[in-house]
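Summary of the model geometry
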Amino acid sequence: MTHQEAREHVPGRLHEIFASPYDAFSNEAVERLLHIHIMLHLLVVRPMRRRHLILRVIHGWENGSFSPDELQYIDYPLHTFDDFQQVNETFQRARAQQEPLPTNAASLLAEPLDQAIAAANAKGQVIDEETRLIPARWPSFPKGLSLYTLFKMYNRLVYGEDDAYRSSHCMTEEGLREIHEFHLEEGEFAIVIPPGPQHKTENTLMVMHESQLEPVATIFALSIPLFE
C-alpha cells in the first residue's frame, strides 16, 4: 500500500474559494445557500457548459448491503440542464413502471477489485476471499486503498453521512482526482474533478444515488443562472 493512492480531509479546489469549506455548508453557516450555489456553479455548471460533465447514477445496494458485485451504475454526459432532467425522468419512469433501472454492464468496484487482487497474488501476496469481502482490509494490497476510498464514497452516497462536506484525494484509473462529497438537506452527491488546471480540459464526474436525482435537480436549476 502507498499513501499516495488516497488521502482524506486534504485541501482541494474549494479551499481556494472558501476560508473554511468544512463549515461553509453546515446548517449553521451564514449564507449557506449562497455557498451551495457558488460551489455548484464552480464545480458543476462550468464543466457542463464546457461539455466536460459526466453524471454517474448509482443503485443496487439496499438494506445495508455493500457487496461490490451488487453496486450498479450508468454514466450520462451532461451538456445542458435538460440532459439532467431527461435522466431524472428516465429513472422516474422506470420506478413508476416497476422496470429494471438503467445500468451499464461494467462493474464499478468488483472488476477493479478482482484485478488488483490478481495482481497482488501474482506478486506473491496471498489475498484470501475474506479479505475481498471486507472492504476495510483492501488497503493491505496495492491499489486497495484507492478502491476502499471509492467504496466509502459510494457507501456514504447510498446510506447517508452526518458531515455536510468532506474532501479527499484518490488515484483513479483516470489519474489523481479530488473528491468533494456533499451531504445536504437539498440532496447528496459527490463531485470528482482533476486537480489543478486539468479541470478545464478533462471530465468532471458528478455522482449520486438514483434517489437523489429529483432533489438535486431543484438546487441545480437554481444555481445555473445566478452568476451569468
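These numbers come from a predicted model, not from an experiment.

Observations concerning the packing of aromatic side chains
On inspection of all chains with the given rule, the structure shows 13 aromatic pairs. Plain terms: the ring middles of W138 and F151 are 5.6 Å apart, the flat faces sit at 70 degrees to each other, and that makes the pair edge-to-face. Within this pair, whereas W138 is found in the loop between α5 (129-133) and α6 (144-159), its partner F151 is found in helix α6, the two being separated by 13 residues in sequence. When sorted by exposure, W138 lands in the same class as F151, which is buried. The structure contains a cluster of three or more aromatic residues connected by ring pairs, namely F18, Y22, F25, Y165, F182 and F189.

Description of the pairing of strand β4 (residues 165-172)
A large share of β4 lies buried, amounting to seven of its eight residues. Pairing geometry for strand β1 (residues 6-8) and β4, over three bridges, is antiparallel. Among the inter-strand pairings, R7 is bridged to a residue of β4, identified as H169. Of the pairings in the sheet, the one linking β4 to strand β5 (residues 175-184) comprises eight bridges and is antiparallel in character. Bridge pairing links C170 to R177 in β5. Taking the residues between adjacent antiparallel strands as the criterion, β4 and β5 are bridged by two residues.

Some points on the nonpolar core
Judged by nonpolar contacts, the single largest core of 37 residues is most densely connected at F25, F84, F182 and F189. Every element with two or more residues in this core is listed here: α2 (32-49), β2 (53-59), β3 (72-78), α3 (81-96), β5, β6 (187-193), β7 (204-209) and α7 (213-223). For this core, the element with the most residues is α2, which contributes eight residues. Setting aside chain neighbours within four positions, we find F189 in contact with M39, L40, L157, H180, E181, F182, L184, M206, V207, M208 and V216. If you look at the next biggest cluster of nonpolar residues, it comprises 29 residues, including W61, Y73, L113 and A120.

What counts and how
Residue indices begin from 1 for each chain and proceed along its sequence in written order. Confidence filtering applies because this is a predicted model: local features only for residues at pLDDT of at least 70, side-chain atom pairs given and counted only at 80 or more, and all residues used for totals across whole chains, interfaces and linings. Based on all heavy atoms of the structure, the side-chain values leave hydrogens and waters out of the count. Pairing of aromatic side chains here covers Phe, Tyr and the six-membered ring of Trp, requires ring centres within 6.5 Å, and sorts the geometry by plane angle: under 30 degrees stacked, over 60 edge-to-face, intermediate tilted. Counting from the N terminus, the helices are the DSSP runs of H or I reaching at least four residues and the strands are the DSSP runs of E reaching at least two. Only protein chains enter the accessibility calculation, which uses a 1.4 Å probe; a residue whose area is less than 20% of its type maximum is buried, one above 50% is exposed, and one in between is partly exposed. Two strands pair under a simple rule: DSSP has to find at least two bridges between them. Joining through side-chain atoms within 4.5 Å is the link that ties buried Ala, Val, Leu, Ile, Met, Phe, Trp, Tyr and Cys residues into a set, and such a set is a nonpolar core. Should any heavy atoms of two residues lie within 4.5 Å, those residues are counted as being in contact.

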